Every structure is written in structure tokens, then in C-alpha cells.
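As a plain string of letters, each chain reads:
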Amino acid sequence: MISLNITGHTIEKLVDPFGLLSGDRYEFFLEIDVEEEDELYSEKGVGIKVLFVVDEKGARISHYHLYERGTDKVLDFALEEDEELTVFNYCKGNIDS
């Protein structure tokens, strides 16, 4: 379990060139602080890549994964339910629509 402290992000609104997908899709790269004692810790830093969707069904996380910043190496960890909710609320609150 990581104590989730989101320290920053970048966001890109994804374009569907063929108009096949409904709603809007955003790709978030979240920067998080991880304590040195945590098994997830990396000197390079850890991030979360999130595909966030807003459509007629509402807002949701479509997919996410944790990665080592600098190398983009995918880390085999999952967020706990409360951490996912933190990520969801953060992303929803940072959409420029």
C-alpha cells in the first residue's frame, strides 16, 4: 500500500480522428511522492499514467498503471480502492473542459 500524495501532473486531451468513440478521453501523468521505506520507492520517482474518460455514462478511470519516471518502466502494483478514488477525484477536478 502506498500513501498516495499527488504532487503534480500533465494532461493531454486525446483526439479520436475517426469520431468512433463517444465522449472525451484524457491521458494524465500523475507525479506522486513515495516514502523511501515503501517497496514502490524509486530514486527516479514514481508516476501513475491514467486514461480518464468522460462520456454519457459519466466520468471514470478506464485504465491506469504505475511506472518509474525517467525509464517509463511499468511497475506491477495496483492501487487500493481509496487510492483509486483519490486518483479519480484528482483527475476529475483537473479536467479543462
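This text goes with the structure placed above it.
It should be emphasised that the depicted structure is a prediction, and the values quoted were computed from it without experimental measurement. (Residues numbered from 1 in each chain as written. Predicted model: local features only at pLDDT ≥ 70, side-chain atom pairs only at ≥ 80, totals over all residues. Heavy atoms only, no water.)

**Q** Would you explain the overall build of the protein in this entry?
**A** Counting its secondary structure elements, the protein contains 1 helix and 5 strands. Listed by position from the N terminus, the elements making up the protein come as β-β-β-β-β-α. Whereas a compact globule of 97 residues would reach a radius of gyration of roughly 13 Å, the protein reaches 14 Å, a difference of no more than 12%. Dimensions along the principal axes, computed over C-alpha positions, put the protein at roughly 45 × 25 × 20 Å. In the protein, buried positions account for 34% of the 97 residues. In the protein, the proportion of contacts linking residues at least 24 apart, taken out of those at least 6 apart, comes to 50%. Carbon and sulfur atoms provide 47% of the accessible area of the protein, an area that totals close to 6400 Å². With 9 positive and 23 negative side-chain charges, the protein shows a separation of 9 Å between the mean positions of the two kinds. (Helix = DSSP H or I, 4+ residues; strand = E, 2+ residues; numbered from the N terminus. Rg over C-alpha atoms; globule rule 2.2 N^0.38 Å. Buried < 20%, exposed > 50% of the residue type's maximum accessible area, 1.4 Å probe, protein only. Contact = heavy atoms within 4.5 Å. Areas by Shrake-Rupley, 256 points an atom, 1.4 Å probe, with all protein chains shown as cover. Lys, Arg positive; Asp, Glu negative; His and termini not counted. Charge placed at Lys NZ, Arg CZ, Asp CG, Glu CD.)

**Q** What should I look at first to understand the nonpolar core in this one?
**A** It is characteristic of soluble globular proteins that their nonpolar side chains tend to be buried jointly. Counting residues in each nonpolar core, the largest one holds 20 residues, and the members touching the most others are Phe-28, Leu-30, Ile-48, Val-50, Phe-52, Leu-66 and Val-87. Elements represented by at least two residues in this core include exactly β2 (24-33), β3 (46-55), β4 (58-68) and α1 (81-93). Those residues in contact with Ile-48 that lie beyond four places of it in its chain are Leu-4, Phe-28, Phe-29, Leu-30, Ile-32, Tyr-64, His-65, Leu-66, Tyr-67, Leu-79 and Val-87. (Core = buried A, V, L, I, M, F, W, Y, C linked by side-chain atoms within 4.5 Å.)

**Q** Would you explain the pattern of salt bridges in this entry?
**A** Pairing between side chains becomes possible if they bear opposite charge and their charged atoms approach one another. Across all of its chains, the model carries 3 salt bridges by this definition. Between Glu-27 and Lys-49 there is a salt bridge, with the nearest N and O atoms lying 3.2 Å from each other. Separated by 22 residues along the polypeptide, Glu-27 in strand β2 and Lys-49 in strand β3 bring together distant segments of the chain. One salt bridge connects Arg-60 with Asp-55, and the closest N-O pair in it is separated by 3.0 Å. Look at Asp-55 and you get buried, because its relative accessible area is 12%. (Salt bridge = Lys/Arg side-chain N within 4 Å of Asp/Glu carboxyl O.)

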